[in-house]
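Summary of the model geometry
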Amino acid sequence: MFLIKIRKAICFAVLFSCISINAWSQTTPGIDFQSVSQEMLNNPDPEDWLMWRGGYENWGYSPLTQINHNNVEQLRLAWSWEFEPAAPGSNGMQVEPTVYDGVIYIRHPNEKYSAHDAKTGDLIWQYSRPLASAVMGYETRLTVHRGRGVFIYEDKLISHATDGMLFALDPRNGRLMWEAAMQDYMSGQQPSGAPVAFGGALVVPYNCTAWTAPDPCHLSAYSTADGSLLWRWYTSPTPDDPMHNTWGDDPQLYPLERRRNMSPWMTPAVDKEHGLFIFGIGSSAPQQPELAGTNGEYPDRLYQGSTVALNYRTGELVWWAQHHSDMWNDDAVYDRILVNTPVAPNPPNALGINPNTDPSEMRELVIGSFSKDAIFYAYDRTDGEFLYARPTAYQNIIASYDGITGAYEIEPDAIMTADIDHEATICRENRQIPQGAYSPLTNAYYVPAFNGPCSVMKLNSLEPSIETGYNTSYVATVPTPAGYLGQPEAIDVATGQSLWRLERETPLYGMLTTGGGLLFAADTNRRFHAIDQWTGETLWQTILNGASDMAPISYGVDGRQYIAVFAPSGTQAAAQHAGQLGLSANTGVSNVGHTLFVFTLP
């Protein structure tokens, strides 16, 4: 069996000592905290928002109904809290707050954490930890202060730092309980997405960017008790994996130790019934199949461009489904949403339909627009069987899918060949990190799609290296044929048909659905909207202090419902769109302070 040595540099011990001494917490009298059990995580109280997207299924849905069609026009600001500007090197806040029993827990964009009274915003405690000088001095080329949330498990608030440290705080007072080194930060790998725990196994989404990380990437699980490693699964097949040959016959041009990227950098969904972590894997480096010694045909260079399901206890692979052979940095890491519904596919412009679907059968699905191309997919989440796929925004890279096997067919003009002079015009910049959502009221998936400009791409060299990263460059941009930028859409999961689709100047970004029949989302022009889930009609809006792109959340305290949203934005997309549209809205890349706005009824 192929083994990869996990580095244990001396800096681990030094860093551990440094953090233990210098990390600090300021507190007021502690929180009356009740331990969060596995059963509570499986079936969250409607007033809580316990994790990324609110629950293991990643719906982005709050069942609270107090704010609804009849009264949303009365929504007003309850409180706000301004945070310090993001620390140098950070693009801003890409977090979702966690809310439990009237307390809101927030990760800041500068290695700080805080707990607030969810009714008033009053600070309860704050915790801060330093980073090693090599990280802060950009010697590692890491994206500093990247983290998208925290996770409460039993009596611990668990998070991770840019330098590869996993740690637990006491949610009552913010004091450090334990910490453990997950990875040598000098390896160039870094934790990225919000952690998620199930059955005592906590997984941390990792980013292994091609131009910083020479070691193969992985998804790993750690004990919620003390942070010790439980298992590690490499996102590229080891030699004992039957899919090893998707990287070519031995001796391979790119054996495991030379493969780059393939990052599982967003938070997995959790299938509670089957005990699965379900998530996506980004593009590989090199990106061009010919340079890796393959032909790009399905399946190609697994597990890039794929959804995978791992057993939560062991990390063993249960199933995989590949969506594309990624030659364009078309990261397949977004929105794995778990839904149970009958399926009778009849989508517009279908890319592929499984002819064996039985409309009378209840199916357990994983759905979503997984990649930057914003194609919408439905798979059976018990075994990865392909059910159907359809486009949303304009894309020109995927021609079709085989309805039986799920095998992709790439548009010939989009293929990136091993030719230094070849150029391809690629249209796939149709969604990024901002989250989609699902509503059980409509059985619809809401996708924050847009029609970004198309990119003219070519190779950097015929010999990819850690210095050349993905080995491709954008040499020009051309307008999208769509003619408009914003294209949010509501898709009926059972059929794939559109409930509604908007053609907007400004995109809508991260989305929240509620039991009151509302969809909350903000846009590039600082507007924050409440939208009818069935029709797409805006029922209420207000103006924030900047573009807001991360999804809002909803929670309740003492029977009162609240809607909370961060502004300005935390991702590159909103900044690019603001520039493209000539808007002066603040964005996170401006290094301005972020504000949490919290709304409620009078």
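Nothing here was measured: the structure is a model prediction, and the numbers come from that model.

Across the sheet, which stays open at both edges, the 4 strands sit in the order 8-9-10-11 with antiparallel pairing between neighbours. The open sheet has two edge strands, strand 8 (151-153) and strand 11 (176-181), and neither has a second partner. Looking at each pair of strands side by side, their axes are set apart by 25° on average, direction ignored. In the sheet, strand 9 (residues 156-160) pairs with strand 10 (residues 165-169) via 4 bridges, with the strands oriented antiparallel. Within strand 10, the residue paired with Leu157 across the bridge is Leu169.

What follows concerns the state of the cysteines. Using the criterion set out here, one finds 2 disulfides in the structure. Between the sulfur atoms of Cys208 and its disulfide partner Cys217 the distance amounts to 2.0 Å. Disulfide Cys208 to Cys217: torsion about the S-S bond roughly 70°, handedness right-handed. Accessibility assignment for this pair places Cys208 and Cys217 in one class, buried.

Once that is clear, we can look at the pairing of strand 34 (residues 454-459). Most of strand 34 is tucked away, with 5 of its 6 residues classed as buried. In this structure, strand 31 (residues 423-426) lies alongside strand 34, joined through 4 bridges in antiparallel fashion. Bridge pairing in strand 34 places Glu423 opposite Lys458. Bridge count for strand 34 against strand 35 (residues 472-478) is 6 bridges, and the pairing is antiparallel. If you follow Val456 over to strand 35, its bridge partner there is Ala476.

On to helix 5 (residues 572-581), then. Three or more residues of helix 5 are buried, namely Ala573, Ala574, His577 and Ala578. Mapping the buried residues of helix 5 onto a view down its axis gives an arc of 130°, with all of them on the same face. Gly582, located one to two residues past helix 5, shows a positive phi value of around 70°.

Next up on the list: a negative patch on the surface. On the surface, a cluster of negative charge is made up of Glu290, Asp419, Asp421 and Glu423. Note on placement: Asp419 falls in the loop between strand 30 (408-410) and strand 31.

Glancing now at unusual backbone geometry. A cis geometry characterises the amide bond from Asp250 onward to Pro251, with omega recorded as -5°. Mapped onto the elements of the fold, Pro251 is located in the loop between strand 17 (229-234) and strand 18 (260-261). Along the chain, Ala285 connects to Pro286 via a cis peptide bond; the corresponding omega equals 5°. Summarising the element assignment, Pro286 is placed in the loop between strand 21 (284-285) and helix 4 (289-292).

The next subject is the pairing of strand 41 (residues 538-543). As defined by bridge partners, strand 40 (residues 527-532) adjoins strand 41 across 5 bridges and the pair is classed as antiparallel. If you follow Ala530 over to strand 41, its bridge partner there is Trp540. The hairpin turn running from strand 40 into strand 41, its antiparallel successor, is 5 residues long, and Gly536 in that turn takes a positive phi close to 85°.

This part takes up the packing of aromatic side chains. Remark: the centre distance and the inter-plane angle together describe each pair of aromatic rings, the angle taken between the planes. Taken as a whole and judged by the stated rule, the model has 31 aromatic pairs. Plain terms: the ring middles of Tyr555 and Tyr562 are 5.2 Å apart, the flat faces sit at 15° to each other, and that makes the pair stacked. Here Tyr555 and Tyr562 have matching classes, each one buried. An aromatic cluster is built from Phe370, Tyr377, Tyr379, Phe386 and Tyr401, whose rings are joined through pairwise contacts.

Before going further, it helps to spend a moment on the environment of Ile106. Along the chain, Ile106 turns up in strand 5 (residues 103-107). Through-space distance from the C-alpha of Ile106 to that of Trp320 is 34 Å; in sequence the pair is 214 residues apart.

One pass over the structure, following the stated rule, counts 20 salt bridges. Taken together, the shared-partner salt bridges in this structure form one network comprising Glu361, Arg363, Asp380 and Glu385.

So, about empty space enclosed by the protein. For the coordinates displayed, the defined rule picks out 6 cavities of 30 Å³ or more. Of the pockets and cavities examined, the largest cavity occupies roughly 100 Å³. For the lining of the largest cavity, the per-class residue count stands at 5 nonpolar, 3 polar and 3 charged.

Unfilled space is identified by rolling a water-sized probe across the atoms. Approximately 1000 Å³ is the volume attributed to the largest pocket. Counting residues per element, the ones that place at least two in the lining of the largest pocket are strand 34, strand 35 and helix 5. In terms of residue class, the lining of the largest pocket is made up of 10 nonpolar, 22 polar and 7 charged. In this structure, the second largest pocket is lined by 27 residues; those nearest its centre are Pro44, Gly55, Glu57, Trp59 and Lys272. Those elements that place two or more of their residues in the lining of the second largest pocket are strand 2 (61-62), strand 19 (269-271) and strand 24 (337-342). With 3 residues, the top contributor of residues to the lining of the second largest pocket is strand 24. Of the residues belonging to the lining of the second largest pocket, the class tally is 12 nonpolar, 7 polar and 8 charged.

Conventions and cut-offs
- Residues numbered from 1 in each chain as written.
- Predicted model: local features only at pLDDT ≥ 70, side-chain atom pairs only at ≥ 80, totals over all residues.
- Heavy atoms only, no water.
- Pairing = 2+ DSSP bridges.
- Helix = DSSP H or I, 4+ residues; strand = E, 2+ residues; numbered from the N terminus.
- Axes fitted to C-alpha atoms, helices over the stretch in contact; angles between N-to-C directions.
- Disulfide = S-S within 2.5 Å.
- Buried < 20%, exposed > 50% of the residue type's maximum accessible area, 1.4 Å probe, protein only.
- Arc of directions from axis to C-beta.
- Patch = residues over 30% accessible without salt bridge, like charges linked within 9 Å, V, L, I, M, F, W, Y side chains within 5 Å.
- Areas by Shrake-Rupley, 256 points an atom, 1.4 Å probe, with all protein chains shown as cover.
- Salt bridge = Lys/Arg side-chain N within 4 Å of Asp/Glu carboxyl O.
- Lys, Arg positive; Asp, Glu negative; His and termini not counted.
- Charge placed at Lys NZ, Arg CZ, Asp CG, Glu CD.
- Phe/Tyr/Trp six-rings, centres within 6.5 Å; stacked < 30°, edge-to-face > 60°.
- 1 Å grid on protein atoms, 1.4 Å probe; cavity = no way out; pocket = protein on both sides within 12 Å on 5 of 7 lines; lining within 4 Å.
- Points joined across faces, edges and corners; volume = space filled by probe spheres on them.
- Nonpolar A, V, L, I, M, F, W, Y, C, P; charged D, E, K, R; others polar.

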